Amino acid sequence: MIRLNDIVVKFGDFTALHSINVHVKEGEFFTFLGPSGCGKTTTLRTLTGFIEPVSGSVVVKDRDITHVPIEERNIGIVFQSYALFPTMTVYDNIAFGLKLKKLKKKEIDQKVREIARKVDLSDEQLAKAVSQLSGGQQQRVAIARALVTGPAIICMDEPLSNLDAKLRVQLRNELKKMQKDFGITTIYVTHDQEEALTLSDRIAVFNKGVIEQTGTPNEIYNHSATEFVCNFIGDINRLSGPVVEALNRTGGKLDPAMHNYIRLERIHVNVEPQAGQAALEGTVDSREYYGLYIKYYIGLGSQTIKVIEKNDGVNIYEPGQKVKVVMDPRDVMAYPAGAAE
């Protein structure tokens, strides 16, 4: 559906994108994820036509659109700021692209009301000025405006970042449902790892103008290809030499010279170790109570590790309490020292 082939983008002497390669399947929800300044928005803007690469090609449905004007690419765009017209009505905002296409008034009305129903905007809201709507409602307007012209692709640049945490989670779920209902190929840009993991079919993780890994949320999280991805996605423990040695005494084959990591939920407290697992004596230093789960900070000699335990309301460990920490060497992800620099 979409292919970015060896895309290089430069701003003066600065190379923003180094040979970016992306293949997005039709109907896929594909996310560009990474920290600020990593190249994800630049890649999106190259796809949509706001930036022209110095080399490489942008291909959509086997058509090379690298030098095609923005308005001829048939791509809907939802900006971070939504870029709505605040004094115009919701109706006129959604109808804007259709009027530019010089469609008949009756056809415009039909399309606007049809898309409004699909994104859960009422006739009453259509008559309001955009400035009268909440942030979540404005986001729906921006999505409706992007979808009403029937684009083959929709691109979203951090569309939830201006909303409060509760609304962000609510709209995240609505966004995913909407995308599935429409079946439209979606490119989504975010720096929020949780957002990327919950929404995406596949994710490309960006760092300093290169893609470190492309994969499903499970592949990115549980089989991180590089040390950068491993540290950027979710929370993780880097294991000290003594802990690595203890894991090797139970049959592990970890290299102490490597950087060895394990996810918080892969560590268990006060359970019987199974074959190949290691049990280490530790002391609870502190804990953070989240309701659904509890995060413990447990001292293992010179190292403190983080552990997430499901909150069963019964087995809650107190600071200072001695506990048994169980780990499996097979859950460790290892990377060459110095590779992340």
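You'll find the structure just up there.
What you see is a predicted model; the values in this text were computed from it and never measured.

K.L.:
Looking at this model, I keep getting lost on the overall build of the chain. Mind explaining?
P.N.:
Of the regular secondary structure elements, the chain holds 10 helices and 18 strands. Based on the C-alpha atoms only, the size of the chain along its principal axes is roughly 75 × 50 × 30 Å. Buried positions account for 49% of the 341 residues belonging to the chain. Across the chain, every contact between residues at least 6 apart in sequence was considered, and the portion connecting residues at least 24 apart equals 67%. Surface exposure of the chain reaches about 16,600 Å², of which carbon and sulfur atoms provide 49%.

K.L.:
Looking at this structure, I do not really get the packing of helix α5 (residues 135-147) against helix α6 (residues 165-182). What am I missing?
P.N.:
When two helices pack together, their arrangement is given by the angle between the helix axes and the distance between those axes. Where α5 contacts α6, the axes come no closer than 11 Å and their chain directions differ by 20 degrees. With respect to α6, the element α5 is oriented roughly parallel. In terms of crossing hand, the pair formed by α5 and α6 is right-handed. Side by side, α5 and α6 meet where Gly135, Gly136, Gln139, Arg140, Ile143 and Leu147 of the first sit next to Leu167, Gln170, Leu171, Glu174, Leu175, Met178 and Phe182 of the second. In terms of residue class, the contact of α5 with α6 is built from 7 nonpolar, 4 polar and 2 charged.

K.L.:
How do you make sense of the state of the cysteines when you look at a structure like this?
P.N.:
Working definition: the covalent bond between the sulfur atoms of two cysteines is a disulfide. This structure, assessed with the given rule, holds 0 disulfides. Cysteine Cys38 is unpaired, with the sulfur of Cys155 as its nearest cysteine sulfur at 16 Å. On the basis of relative accessibility, which here comes to 1%, the residue Cys38 falls in the buried class.

K.L.:
Could you clarify how one ought to interpret the packing of aromatic side chains in this entry?
P.N.:
Each pair of aromatic rings is reported with the distance of its centres and the angle of its planes. Going through the model one piece at a time under the given rule, you end up with 9 aromatic pairs. Ring centres of Phe30 and Phe32 lie 5.9 Å apart, and the angle between their planes is 85 degrees; this geometry places the pair in the edge-to-face category. A single burial state applies to Phe30 and to Phe32, both of which are buried. The lysine or arginine in question, Arg263, covers the ring of Tyr221, its NZ or CZ lying 4.1 Å from the ring centre.

K.L.:
What's the story with the sheet that holds strand β11 (residues 236-238) in this structure? I'm lost.
P.N.:
On the basis of which strands lie adjacent, the open sheet formed by 3 strands has the order β11-β12-β18 and antiparallel pairing. Of all strands in the sheet, those with a lone pairing partner are β11 and β18 (333-335), marking the two edges. With strand direction ignored, the average angle separating the axes of adjacent strands in the sheet is 30 degrees.

K.L.:
Before we go on, may I ask you to explain the nonpolar core in this structure?
P.N.:
The tendency in soluble globular proteins is for nonpolar side chains to be buried side by side. Counting residues in hydrophobic clusters, the biggest one holds 36 residues, and the most contacted among them are Val90, Ile94, Val112 and Ile143. Counting residues per element, the ones that place at least two in this core are α2 (90-100), α3 (105-118), α5, β7 (153-157) and α6. Per-element accounting of this core gives the leading share, 6 residues, to α5. Setting aside chain neighbours within four positions, we find Val112 in contact with Tyr91, Ile94, Ala95, Leu98, Leu126 and Val148. Residues Leu4, Phe32, Ile51 and Cys155 belong to the second largest nonpolar core, which totals 28 residues.

K.L.:
Would you mind showing me how to read the pattern of salt bridges here?
P.N.:
A side chain of one charge can pair with a side chain of the opposite charge when the charged atoms of the two come close. In the structure shown here, the tally under the stated rule is 13 salt bridges. For Arg113, the salt bridge is made with Asp123, and the minimal N-O distance between the two is 3.3 Å. Placement of the pair is Arg113 in helix α3 and Asp123 in helix α4 (residues 123-126), with a sequence separation of 10 residues. The residue Lys306 makes a salt bridge to Asp235 at a minimum N-O spacing of 2.7 Å. You can see Lys306 sitting in strand β16 (residues 303-310) and its partner Asp235 sitting in the loop between α9 (227-232) and β11, a full 71 residues away along the chain.

K.L.:
Where do I start with the packing of α2 against α3 in this structure?
P.N.:
For the pair α2 and α3, interaxial distance at closest approach is 10 Å and the crossing angle is 130 degrees. By the angle between their directions, the pair α2 and α3 is classed as oblique. For the pair α2 and α3, the crossing hand works out as right-handed. Taking contact as the criterion, the partners of Tyr91, Ile94, Ala95, Leu98 and Lys99 in α2 are, on α3, Ile108, Asp109, Lys111, Val112, Arg113 and Ile115.

K.L.:
Sorry, what's going on with the pairing of strand β1 (residues 2-11) here?
P.N.:
On a regular strand, one side chain projects to one face of the sheet and the next to the other, so that they alternate. Of the pairings in the sheet, the one linking β1 to strand β4 (residues 55-60) comprises 5 bridges and is antiparallel in character. When the bridges of β4 are listed, Val8 appears paired with Ser55. Here 7 bridges tie β1 to strand β2 (residues 14-24), and the two strands are oriented antiparallel to one another. Paired with Val9 across the strands is Leu17, a residue of β2.

K.L.:
Explain the sheet that holds strand β6 (residues 75-78) here, please?
P.N.:
Backbone-to-backbone hydrogen bonds join strands into a sheet, with any given pair of strands oriented parallel or antiparallel. If you walk across this open sheet you meet the 6 strands as β6-β7-β8-β3-β9-β10, and the pairing is mixed. Both edges of this open sheet fall to β6 and β10 (210-215), since each of them pairs with a single strand only. When strand polarity is set aside, the average angle formed by the axes of neighbouring strands in this sheet is 15 degrees. Contacting β6 and β7, α5 runs over the sheet at an angle of about 165 degrees to β6.

Criteria and thresholds
Here the residue numbers are simple positions, counted from 1 along each chain's written sequence. Selection of residues for local features in this predicted model requires a pLDDT of at least 70, selection of side-chain atom pairs for listing and counting requires 80 or more, and totals for whole chains, interfaces and linings are taken over all residues. With hydrogens and water set aside, each side-chain value is computed from the structure's full complement of heavy atoms. Strands here are runs of E lasting at least two residues and helices are runs of H or I lasting at least four, both read from the DSSP assignment and numbered beginning at the N terminus. Relative accessibility under 20% of the residue-type maximum defines a buried residue, over 50% an exposed one, and the middle range a partly exposed one, all with a 1.4 Å probe and only protein chains included. When checking whether two residues touch, look at their non-hydrogen atoms; a contact exists if any pair is within 4.5 Å. Working definition of accessibility: Shrake-Rupley area with a 1.4 Å probe, residue cover restricted to the visible protein chains. To get an axis, a line is fitted to the C-alpha atoms, and for a helix only the part in contact is used. The angle between two axes follows their N-to-C directions and goes from 0 to 180 degrees. For this classification, under 35 degrees means roughly parallel, over 145 means roughly antiparallel, 65 to 115 means roughly perpendicular, and everything else is oblique. Left-handed is the label given to a crossing in which the near helix is rotated counterclockwise from the far helix by less than a right angle, and right-handed is the label when the rotation is clockwise. Lys, Arg, Asp and Glu make up the charged group, whereas Ala, Val, Leu, Ile, Met, Phe, Trp, Tyr, Cys and Pro make up the nonpolar group; the residues left over, Gly among them, are polar. The term disulfide is used for any two cysteine sulfur atoms that are within 2.5 Å. Two aromatic rings from Phe, Tyr or Trp, using only the six-membered ring of Trp, form a pair when their centres are within 6.5 Å; if the ring planes differ by under 30 degrees the pair is stacked, by over 60 it is edge-to-face, and anything between is tilted. We call a charge positioned above a ring when the Lys NZ or Arg CZ atom is no farther than 6 Å from the ring centre and deviates by at most 35 degrees from the ring normal. Paired strands, in this sense, are two strands between which DSSP finds at least two bridges. Nine residue types can take part in a nonpolar core, namely buried Ala, Val, Leu, Ile, Met, Phe, Trp, Tyr and Cys, and a core is a set of them joined through side-chain atoms within 4.5 Å. In the sections that follow, a salt bridge refers to a side-chain nitrogen of Lys or Arg positioned within 4 Å of a carboxyl oxygen of Asp or Glu.

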